[in-house]
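Reading the structure
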Amino acid sequence: MTATLERTRPERTAPARARAVRRRLRVLGFMAPWIIGFSCFFGYPLLATAYFSFTGYDLLSPPEWVGLRNYAYLLFGDPVVRIAAANTLWLVVVLTVLRVVFALGVAAVLARLRSGVGLVRTLCYLPALAPPVAATLAFTFLFNPGTGPVNGLLGLLGIDGPLWFNDPAWAKPALTLLTLWGSGELMIIMLAALLDVPRDLHEAAALDGAGALGRFWHVTIPSIAPVLLFGVVNSIIFALQYFTQAVVAGSVASGQAELVGSSKVLGYPDNATLTFPAWLYQQGFHYYNMGYAAAMAVVLFVFSLGFTVLLIRRMRGGTNAEEVG
């Protein structure tokens, strides 16, 4: 009897194995477009960038292996990259906080509207559809210190308007205002999260004596914590990659818009708008130091990944602590 079972067991398992193989091949077939796209447009460029970061490469001659020389110059030898990194870090901190708070505040106001909701939502979202170059051009016109309507309105109120994009102290705040104006996408996501918060929780908190601020802090914020985490991570990555608006604003404010991206106007005024990605682009495509630019790209990728992993772990740790408590 045992021998008969041993002889028949492979016959029973063979069809099951064949079905499992076919199932895996079917899954791989459905995933093939994504796998091919990921490999071609992310995997290979990432590996190529990592390789070129250890070479001296000018796009014309074959790359020459230089080891860690690019990273050493990035960390200890390039004085401009420190300015660019400081500007980008400023944008990461300020833009992340203000963008999330601004989007959440506008979404909270829209969630309480009772009439004209659709129109107001549309008006708040429309700036996000504006192309970055066009939006930046419009803002440099609006904030022109001599002829712009913003300083004109401030003058009517008896306030001397700043030079905005022409002043190193006000260039980054002006870029921040531009970014907040176009944060409609994050606002829509926040609004959807706020509308999804159960009303029963608010009613229970109100019965316990919690006021509007208490309900918002102890009920709404924990309920939309994953969306807030997404907003923070999205804003950090956005700030780390800040490029187009800074380059265009500096070029137009300098009065030489035809030289967009040129070293003559890059970072105007006084490198106040010089971001890390802008200096990376300058090194790679103006100075043809592609190996050094690749090293900068690797460092930028590592910082972006590190910020994201750290925030996700802290958020998960806080959630688990609340559940245990």
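Going by the structure above, here's the rest.
The following refers to the structure shown. For clarity, every value in this text was computed on a predicted model and none was experimentally measured. (Residues numbered from 1 in each chain as written. Predicted model: local features only at pLDDT ≥ 70, side-chain atom pairs only at ≥ 80, totals over all residues. Heavy atoms only, no water.)

So, about the side chain of Thr179. By the element assignment, Thr179 lies in helix H7 (residues 171-181). Taking the relative accessible area as the measure of exposure, Thr179 reaches 7% and is therefore buried. Apart from the residues within four sequence positions on either side, Thr179 is in contact with Leu95, Arg99, Phe238 and Tyr242. (Helix = DSSP H or I, 4+ residues; strand = E, 2+ residues; numbered from the N terminus. Buried < 20%, exposed > 50% of the residue type's maximum accessible area, 1.4 Å probe, protein only. Contact = heavy atoms within 4.5 Å.)

What follows concerns the packing of aromatic side chains. The tally for this structure, following the rule as stated, stands at 17 aromatic pairs. Over the face of the ring belonging to Phe238 we find Arg99, whose NZ or CZ atom lies 5.1 Å from the ring centre. One Lys or Arg, Lys172, reaches over the ring of Trp90 and ends 5.7 Å from the middle of that ring. (Phe/Tyr/Trp six-rings, centres within 6.5 Å; stacked < 30°, edge-to-face > 60°. Lys NZ or Arg CZ within 6 Å of the ring centre and 35° of its normal.)

On the surface, Arg19, Arg22, Arg23, Arg24 and Arg26 cluster together into a positively charged patch. You can see Arg26 is positioned in helix H1 (residues 2-52). Of the residues examined, Arg26 reaches a relative accessible area of 48% and is grouped as partly exposed. (Patch = residues over 30% accessible without salt bridge, like charges linked within 9 Å, V, L, I, M, F, W, Y side chains within 5 Å. Areas by Shrake-Rupley, 256 points an atom, 1.4 Å probe, with all protein chains shown as cover. Salt bridge = Lys/Arg side-chain N within 4 Å of Asp/Glu carboxyl O. Lys, Arg positive; Asp, Glu negative; His and termini not counted. Charge placed at Lys NZ, Arg CZ, Asp CG, Glu CD.)

Within the largest apolar cluster, 34 residues are counted, with the highest numbers of intra-cluster contacts made by Val81, Phe165, Leu175, Tyr242, Trp279 and Met296. Those elements that place two or more of their residues in this core are helix H3 (79-112), helix H5 (132-142), H7, helix H11 (225-240), helix H12 (244-253), helix H13 (276-285) and helix H14 (290-324). Filtering out sequence-adjacent residues up to four positions away, Met296 remains in contact with Leu74, Val81, Phe276, Trp279, Leu280 and Gln283. Grouped together as the second largest cluster of nonpolar side chains are 17 residues, Leu191, Val197, Ile224 and Leu228 included. (Core = buried A, V, L, I, M, F, W, Y, C linked by side-chain atoms within 4.5 Å.)

With respect to the element layout, Leu195 can be found in helix H8 (residues 184-195). Note: C-alpha distance between Leu195 and Trp181 (14 residues apart in sequence) is 22 Å.

For any two helices packed against each other, one specifies the crossing angle of their axes together with the interaxial distance. Relative orientation of the contacting elements H5 and H7 amounts to 130 degrees, with a least axis distance of 11 Å. Relative to H7, H5 is oriented oblique. The handedness of the crossing between H5 and H7 comes out as right-handed. Touching Ala135, Thr136 and Phe139 of H5 are Leu177, Leu178 and Trp181, all from H7. (Axes fitted to C-alpha atoms, helices over the stretch in contact; angles between N-to-C directions. Parallel < 35°, antiparallel > 145°, perpendicular 65-115°, else oblique. Left-handed = near helix turned anticlockwise from the far one by under 90°.)

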